Structures are given as structure tokens and as C-alpha cells.
There are 2 protein chains.
Amino acid sequence: MSGKRRASANVTIIDIAREAGVSKSTVSLVLKGSSLVAEETRDRVSKAMSKLGYVYNRGAANLRGAQSSIVGMVINDLANPFFAELAIGIERVLRTSGYIPFIANTAESVVRQAEVVRSMREHGASGIILCPALETEGREVNDLLDLGMPLILAIRRVPGARASLVASDNAAGAARVAAHLISLGHRRIAFLGGMEAMAVRKDRVAGFTRALEEAGLHADPALMLESMPSKDGGFTAMSNLLTRSEWPTAVVCFNDVVAIGAMLAMGRKGAVAGRDMAITGFDDTAEARQISPPLTTVAVDAGDLGERAAQMLLRQIASGSRTPETYIGEARLVVRESCCPPPRKRKVS
Amino acid sequence: MSGKRRASANVTIIDIAREAGVSKSTVSLVLKGSSLVAEETRDRVSKAMSKLGYVYNRGAANLRGAQSSIVGMVINDLANPFFAELAIGIERVLRTSGYIPFIANTAESVVRQAEVVRSMREHGASGIILCPALETEGREVNDLLDLGMPLILAIRRVPGARASLVASDNAAGAARVAAHLISLGHRRIAFLGGMEAMAVRKDRVAGFTRALEEAGLHADPALMLESMPSKDGGFTAMSNLLTRSEWPTAVVCFNDVVAIGAMLAMGRKGAVAGRDMAITGFDDTAEARQISPPLTTVAVDAGDLGERAAQMLLRQIASGSRTPETYIGEARLVVRESCCPPPRKRKVS
DNA sequence: GGCATGATATGGAACGTTCCAATAAATTTA
DNA sequence: TAAATTTATTGGAACGTTCCATATCATGCC
């Protein structure tokens, strides 16, 4: 009563074999769709399987070296629609090749990430696409590679990791939005969001700074604000910024969700993006189009990046090669209504 | 060369045992954290494990009847933020109990759903939380239950299924928005989105119809429009509606993403929600607040539903009971700016 | 010294597959 | 008709774990 409580004891190929009057080997052959077994026998076995409610035991098969058909997809923030789009792109490719992607969320926790990755390895995942959590170290990634696990890093590069990477051109994208704002006449431009330690942020800040310098400006350290790369993070950081006596005239946000959080914070103070302050995002998620005012941002095509990552992974699984490859997707400026020229009078409240 | 290409041959507890100078049984005990093994031995074994890069083989363990610590989470539309919120709620509960949720997306395909569920069973999932795809039959769900698989249906009920259910009060919610629109003076109210066959839609339509009838109105079949429960679906259906010579003055949308799609379609024709037509949603996703105008909708608290579903599943796994339970979450009306009284002149173009 | 006792450690069978080598039966070839 | 070939089928070992029953070795007690 307190022990095993499996409703129906597990049905195995041996039970099927007995029922169909053949050997377990024959059942195994039927399972693999082998042409070595006679039509009539195959039918009899199939009948027995559905009659007894047989469930294939993948664990036992893997034990004998069979390839499991799952691929792990480790995502740092499922609530960010950008990652949902990425996941869907990955799925588009994987499903056509017979792999089933299992998604797990780490919510930016490296501890959780380690658990999740371990669990996927334990279950015999054939490969992993990893959107690394915030403080992921190169070493963790390399350990995985050393075990021979096919692994693709997506979206976020990890310094020191020898893994393949699929990401967007962060520096170029950030430079493009910054140049756009400068051309509108902005001089005091803030960079808001993302954590200092993130490589992606470093890249975007580098592009941002470069654009400013090319225009003879310099990036003011007082206007470089950290935040978690989430809506809440953007909200908090912008709320702080708005308590200052002098506001920047434009804010380059780390990504779209940060920008949306920032715009929400502005709304609380009666300020409006595209009128009192120019705001830009990064990613071009569906939300960037829907929010009001529509967000000027950098289009990245998450779905395409997902497809590339999946293709790269499949290639590595098939070839057995672990040579790191890199794909950098284009980062296109998309101008919408969230950016205005600098207003004459800056302070609102 | 062409055969197995595992970078490092698999390390097993036997290798660890040899390295540490103990028997495999002792290694197994260390793995389980048993107190039967001496401190000093435990250390030696742990050292050997990290030295050789040991990976626990869950498949082999499951073979001996061990409980796998994964739970499957099958989601019909990952692109809908409502389901992302649900997933996060589920995760909040599961992670504290040592289970790791593996998420898989079915994109509303029953075929895909069957594949995904089978894969999860094959990998020894301890239970499944299922947001059923569009045309899921009661039989499919019952087959799963008959195998003894702990299973909770989330969000969408499936007629004929004997499974536990966690969902929101669809009829009451729809009745509330309809009553609200009627109190604003609307008489020609459309219901837009969702597929005829969906039980959830039937429930919402029933509440909608009841509210109309209580006000002495009747639901006009010409104003009941089907669509896929997605943004694209809402866009297409509203585009069609707008080609008619007479518009309704208010539209109750199946859910928020349909409503957002519908508002996008209105925008294309120069019409504005909350001015030319009242629009409502269902779910109260973050987007409902962010879009312009903010969407009047029915708040459902996806995170809470996710937590309930997870708790229910854990209870069933622990107790071994498969008695169906039901939790119906409250559906609260949230009034925002997307609803106006009926305009005097209706047609815009 | 003989004997329980408790603390650690261990061999071996079992779990459900796969796959090789072997067999049996039917068919073709010489 | 014997031998060779083809077509179907099968037993058994192996995969990496768990867990039971058993073994070893100090201790402490009579």
C-alpha cells in the first residue's frame, strides 16, 4: 500500500512477447520498424502492444547506447517574450528532425541552471541550447563541453567559454540607436539596464560609447544605470533616474522589456516617451510594436536566431565535431514613435 | 570513427568504485546520501566522482524503480504570455519540492501533443500538467490516466475527461464583461475568437449569452465569430468583421491576445478601441495593461492557477490517489480604457 | 574467551532494453 | 538430392543502477 503504487504494473517487451507468442527479440525488432520481421508477426505484436498498454522504456534503451531524441533548451527568463520567440524558432527546426525540445527555465539563477542542466544530462539529452543565466562562468560551460555534450550558447556570450555561439550584433545595434538619437539632436543620452557583469551589456555599451565618441560626445558614467534585464528592473531603474534633478533627454534601454518597464515608470510621473524623453529598446519583440507609443528599437529576429542555433546543434550532434562556430545575426534599427528630438524644457515635475 | 562518438567514454559507479578503492554498492550509498557510509569513505568517493567527471545515469536508476524527479508541462501556445505566466507559477511550486519541470510546446497540434506526452512518459516523468491542444479528445486524456499517470488539466477543460482540472470561472468572467458593456449602453455586442469546438469558448459564450438575456437582449449568431486563439487569429477575424456594413458597438474577445490582434486590425482601418468600438479581453496578461488603450479584461491570475495545478499534482503523486479534483479560480472584471459607451455615428470608413 | 552488538562494506540478482551470433525453415542453385 | 542462400526468429550477454542478504571488524559485556 505504501510502496509502489503504479496503477498497472509496468508492461515490458517480455509481456508483449508472451502475449504475441514470439521472443522479446522479435518485439524489439518490431519496435525499431525492422524489415526483418514478417508482416503477419508484426501485426500480432502491434496488437499485443496496444492491448496491454505498452510504454517504451527509453531509460533501458539508453542504457544500451540508443540515442535519446530529446534536446534540452535552457532559458534564463521565460517571461521575456523574446525568449519565447527564440524557443519557437528552435522548435520549428528540431521538430522536423525528430527531436523533441524540452524547455527549462532558470529565472537567471546559476544554481537552478546547474540543476536543470544536470537533470537534462542525466536523462540523456543529445544536446543543449543554453541561454546562460546572469552569472554563468566560462568554466561551467567548458566543463559541459569537456564531457562531450553538444552545446550551443544562444543570445548571451560567456567570456572564456569555448562553446559555439548564436547571437546578434550587439555593438552594431547599440551604435545604430545611439547614432539615431544623436542625429535627432540629443546630447545627454543615458544607457539603462542590464547588469554590469553581462557580456551582452558590455558589447552594447561599447557600441553605444563608440557612437557617442564618433559624434564628439562622451558617455557620462553617471548616466550608465544597471538593472535586472526585466520589466521590473527597467521600472525600478527609471524610477530612480526620474528622481534626479536633471534628466537625460534620451535613454537607450538594454532591451525591450527594460524599455517597457521604463516607460511604465515614466507614466507614473506623468511623463511620456516620445514627448518628454526619447526611449529605445533592443530585440523588437511583438510588444515593442503594441505598446504606446510604439518603441524605436533594434530588430533581432529571435525566431531566426533560434533556427540557426538549432541547425548548428543538429550539425554538431550529427558530425560529432565540437569545433566552436559562431553566428552573429544582423541588428537592424527600427524607428517608431518613442523618440522625439530633445524638448526645450526638460523637467516635468 | 563512425560509431559511438562520445568524447569521453561514460564513467560509471564501477569506475568510481575502482578509483576510490571501494565497491560499487558503497558508491551507490554515497550517491543516495546514506548515513551508513563512513565520513572518510564518503569523501574519497566524492573526490573520485569529480575527478572522473561522473554523470549519474537516471535511466539505469529508473530501471530499478527509482522515482525520476521530472514533471512534464505541456503547453499549447508558448507565444501567449498567459501560458508563460502559468508556467512560472507552476515552477515556483515545483522547484521547492525538488521536481524539475520540463516544458514542451505543442503549438495547438494534437499530433505534436501525443509525441510530446509519449516522450515524457518514456523518460519517466512523475506527472504531467497538460494545457490541452485545440482538438484534444477526452479519450486521449483518459488513456493516460488509465496508465496510472498523475495528470492535471490546466486552463482548458476537456469534455469527457476524468482528469483533475485547474481553470478559471469562464462563464462568470464572460458574464461580467458582458454586463459591464450593457451597463455602458451597448446593445449590439459581438463575441470574437476561439474555436467553436473549444470547451472554454463554450463556457465563455454561455456566460456572455446569459448576461445578454438577463438584460432582455439576445446573442446574434451573426456576431459570434470564430478564430484561432492567437493574435493572428484575432487580427484576421476583426479584419473580416470590419468589412461588414454594420459594426457592433462592442466586442467581447475570447482572450487578451485575440483582443490585441483585433485592436491591431482596427488600427489598420483608422478605428480606435475605446472610441469607435469597445473591446474587452480575458486573462489580464501584462500586455493588457501596456497596450494603448489599456484593455478592459477579466483578471485570472495565471501564476496562482499554475501554483494550484502544481500543488494538486504533487498531492496526487504523493498520495497515489487519482480521484479527480477541480479548482476554479475567480474571474475578476478589470475596467480600463478600451471601452466607451456606444458612439452616435457608428461607421468610420 | 565467547558472544551479542553496532558500524561499515560488499557480492549478486534484477530492472527493460539492444544486438550479436546462432538457429530453423523455406527457397534456390548446382 | 545435397548444398548454398535467403528469410524469420531467438537466446543470452551487456548496459548502469539499486537493494537485499551477507560479511567483516571492532567494541563492550558476561
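Residues numbered from 1 in each chain as written. Chains lettered and ligands numbered in written order. Predicted model: local features only at pLDDT ≥ 70, side-chain atom pairs only at ≥ 80, totals over all residues. Heavy atoms only, no water.

J.: Help me understand the environment of Ala215 of chain A, please; the structure alone is not making it clear to me.
T.: Residues and elements named next belong to chain A. By the secondary structure assignment, Ala215 is in the loop between helix H9 (199-214) and strand S7 (224-225). Here Ala215 falls in the partly exposed class, since its relative accessible area comes to 41%. Linking Ala215 and Ala178, residues 37 residues apart in sequence, is a C-alpha distance of 10.0 Å. (Helix = DSSP H or I, 4+ residues; strand = E, 2+ residues; numbered from the N terminus. Buried < 20%, exposed > 50% of the residue type's maximum accessible area, 1.4 Å probe, protein only.)

J.: Help me understand the interface of chain B and chain A, please; the structure alone is not making it clear to me.
T.: The extent of an interface is frequently quoted as the accessible surface area lost upon association of the parts. Contacts between the two partners involve 55 residues from chain B, matched on the other side by 57 residues from chain A. For the pairing of chain B and chain A, the buried interface totals around 4600 Å² over both sides, and the portion due to carbon and sulfur atoms is 55%. Inspection of the region where chain B meets chain A yields 2 salt bridges. Its salt-bridge partner being Arg58 of chain A, residue Glu122 of chain B comes within 2.5 Å of it at the nearest N-O pair. (Contact = heavy atoms within 4.5 Å. Buried area = accessible area lost by both parts, 1.4 Å probe. Salt bridge = Lys/Arg side-chain N within 4 Å of Asp/Glu carboxyl O.)

J.: Just to check I follow, could you spell out the packing of helix H2 (residues 24-31) of chain A against helix H3 (residues 39-52) of chain A for this structure?
T.: What describes two packed helices is the angle between their axes and the distance between those same axes. Residues and elements named next belong to chain A. It is at 10 Å that the axes of H2 and H3 come closest, and there the two elements cross at 90°. With respect to H3, the element H2 is oriented roughly perpendicular. Here Thr26, Val27, Val30 and Leu31 of H2 lie close against H3, whose contacting residues are Thr41, Arg42, Val45, Ser46 and Met49. (Axes fitted to C-alpha atoms, helices over the stretch in contact; angles between N-to-C directions. Parallel < 35°, antiparallel > 145°, perpendicular 65-115°, else oblique.)

J.: Is there a simple way to think about the protein's contact with DNA strand D in this case?
T.: Around DNA strand D, the surrounding shell holds 26 residues, and the nearest of these are Lys24, Thr26 and Arg64 of chain A together with Ser28 and Tyr54 of chain B. If you look at DNA strand D and keep only atoms within 4 Å of the protein, 66% of those are sugar or phosphate atoms. Within the contact set of DNA strand D, a phosphate oxygen lies 2.7 Å away from a backbone nitrogen or oxygen of Ile13 of chain B. In this structure, Tyr56 of chain B approaches DNA strand D through a side-chain N or O atom, which is 2.9 Å from a phosphate oxygen. Those elements that place two or more of their residues in the surface near DNA strand D are H2 of chain A together with helix H2 (24-31) and helix H4 (58-63) of chain B. No other element matches H2 of chain A, which puts 4 residues into the surface near DNA strand D. Considering only residue class, the surface near DNA strand D consists of 13 nonpolar, 8 polar and 5 charged. (Near = heavy atom within 4 Å. Polar contact = N/O pair within 3.5 Å; in protein donor to acceptor, adjacent residues only side chain to side chain. Nonpolar A, V, L, I, M, F, W, Y, C, P; charged D, E, K, R; others polar.)

J.: In this structure, what is going on with the sheet that holds strand S8 (residues 250-253) of chain A? I would like to understand it.
T.: Strands in a sheet are paired, the pairing made by backbone hydrogen bonds, and the direction either parallel or antiparallel. Across the sheet, 4 strands lie side by side as S7-S6-S8-S9 (chain A); this open sheet has parallel pairing. Looking along the sheet, the strands with just one partner apiece sit at the ends: S7 and strand S9 (278-280) of chain A. (Pairing = 2+ DSSP bridges.)

J.: I'm lost on the protein's contact with DNA strand C in this one. Help?
T.: Near DNA strand C lie 26 residues; those nearest to it are Ser28 and Tyr54 of chain A together with Lys24, Thr41 and Arg64 of chain B. Backbone atoms, meaning sugar plus phosphate, form 65% of the atoms of DNA strand C positioned within 4 Å of the protein. In this structure, a phosphate oxygen belonging to DNA strand C sits 2.6 Å away from a side-chain N or O atom of Thr41 of chain B. Arg64 of chain B places a side-chain nitrogen or oxygen 2.7 Å from a base nitrogen of DNA strand C. Counting residues per element, the ones that place at least two in the surface near DNA strand C are H2 and helix H4 (58-63) of chain A together with H2 of chain B. Tallying contributions element by element places H2 of chain B first for the surface near DNA strand C, with 4 residues. The residue makeup of the surface near DNA strand C, split by class, is 13 nonpolar, 8 polar and 5 charged.

J.: Sorry, what's going on with the pattern of salt bridges here?
T.: When the charged atoms of two side chains lie near each other, side chains of opposite charge can form a pair. Applying the stated criterion to the full structure yields 33 salt bridges over all chains. Among the salt bridges present, the one from Arg92 of chain A reaches Glu307 of chain A, with a minimum N-O distance of 2.6 Å. Within this pair, whereas Arg92 of chain A is found in helix H5 (residues 81-95), its partner Glu307 of chain A is found in helix H13 (residues 302-319), the two being separated by 215 residues in sequence. Of the charged contacts, one joins Arg275 of chain B and Asp276 of chain B as a salt bridge, the two residues approaching to 2.9 Å between their closest N and O atoms.

J.: For this particular structure, what's the right way to read H9 of chain A?
T.: All names here are of chain A. Helix length check: H9, at 16 residues, gives a terminal C-alpha distance of 23 Å against a target of 22 Å (1.5 Å per residue), a fit within 8%. Of the residues making up H9, those classed as buried are Ala199, Val200, Arg201, Arg204, Val205, Gly207, Phe208, Thr209, Ala211 and Leu212. Looking at the buried positions of H9, the neighbouring elements they touch are strand S5 (164-168), helix H8 (170-183), strand S6 (189-192), S7 and S8. Downstream of H9 by a residue or two, Gly216 has a phi angle that is positive, lying close to 80°. (Expected span 1.5 Å × (residues − 1).)

J.: Is there a simple way to think about the relation of the copies chain B and chain A in this case?
T.: The second copy of the chain is related to the first by a rotation about an axis and a shift along the axis. Mapping chain B onto chain A leaves a residual RMSD of 0.1 Å; the transformation is a rotation of 180° accompanied by 0.0 Å of translation along its axis. Seen this way, the second copy is the image of the first under a two-fold rotation axis. Considering only C-alpha atoms, the residue of chain B closest to the rotation axis is Gly59 of chain B, which sits at 1.9 Å. By residue overlap, the copies meet face to face through one surface: 100% of the interface positions of chain B are interface positions in chain A. (Least-squares fit on C-alpha atoms with pLDDT ≥ 70 in both.)

J.: Whenever I open this one, unusual backbone geometry confuses me. Can you help?
T.: Residue and element names in this part refer to chain A. Between Ser292 and Pro293 the backbone carries a cis peptide bond, its omega angle lying at -10°. One can find Pro293 in the loop between helix H12 (286-290) and strand S10 (297-299). Even without being glycine, Ala107 reaches a positive phi, approximately 50°. Inspection of the secondary structure assignment puts Ala107 in the loop between strand S2 (100-105) and helix H6 (110-122). Judged by relative accessible area, Ala107 falls into the partly exposed class, the value being 44%. One non-glycine residue, Asp284, lies in the positive phi region at around 55°. For Asp284, the position within the fold is in the loop between S9 and H12. A relative accessible area of 15% means that Asp284 is categorised as buried.

J.: Any chance you could explain the pairing of strand S4 (residues 151-154) of chain B here in plain terms?
T.: Within a regular strand, the side chains alternate between the two sheet faces. Residue and element names in this part refer to chain B. Covered by surrounding structure in S4 are Leu151 and Leu153 together with Ile152 and Ala154, the residues of both alternating faces. Note that strand S3 (residues 127-130) and S4 share 3 bridges and pair parallel. Bridge pairing in S4 links Ile129 to Ile152. In the sheet, S4 pairs with strand S5 (residues 164-168) via 3 bridges, with the strands oriented parallel. If you follow Ala154 over to S5, its bridge partner there is Val166.

J.: Explain the side chain of His123 of chain A here, please?
T.: Mapped onto the fold, His123 of chain A is located in the loop between H6 and strand S3 (127-130). Classification of His123 of chain A as buried rests on a relative accessible area of 5%. A polar atom in the side chain of His123 of chain A sits 2.8 Å from the backbone oxygen of Ser119 of chain A. When residues no more than four places from it in sequence are discounted, the contact partners of His123 of chain A are Asn62, Ser68 and Ile70 of chain A together with Arg58, Ser68, Ile70, Phe102 and His123 of chain B.

J.: Honestly, the domain arrangement of chain A in this entry has me stumped. Any pointers?
T.: When cut into domains, chain A gives domain 1 (13-56), domain 2 (70-168 + 301-330) and domain 3 (170-300). Domain 1 of chain A and domain 2 of chain A are separated by 37 Å when their C-alpha centres are compared. (Domains from an automatic or database assignment.)

J.: I would appreciate a short explanation of the nonpolar core in the present structure.
T.: Within soluble globular proteins, side chains that are nonpolar tend to cluster in buried spots. In this structure, Met238 and Ile279 of chain A together with Met238 and Ile279 of chain B are the most contacted members of the largest nonpolar core, which totals 158 residues. With residues near it in sequence (within four places) discarded, Met238 of chain B still touches Leu192, Val251, Ala262, Ala265, Met266, Met277 and Ile279 of chain B. With 42 residues, the next largest nonpolar core counts Leu130 of chain A together with Met120, Leu153 and Leu165 of chain B among its residues. (Core = buried A, V, L, I, M, F, W, Y, C linked by side-chain atoms within 4.5 Å.)

J.: Please explain the packing of aromatic side chains as it appears in this structure.
T.: We describe a pair of aromatic rings using the distance from one ring centre to the other and the angle between the two ring planes. Here the structure, examined in full by the defined rule, presents 5 aromatic pairs over all chains. Ring geometry for Phe102 of chain A and Phe102 of chain B: centres 5.6 Å apart, planes at 45°, overall tilted. Remark: Phe102 of chain B occurs in strand S2 (residues 100-105) and Phe102 of chain A occurs in strand S2; the pair is interchain, linking two chains. On the numbers, 5.4 Å between centres and 65° between planes, the contact of Phe191 of chain A with Phe208 of chain A is edge-to-face. Placement of the pair is Phe191 of chain A in strand S6 and Phe208 of chain A in helix H9, with a sequence separation of 17 residues. (Phe/Tyr/Trp six-rings, centres within 6.5 Å; stacked < 30°, edge-to-face > 60°.)

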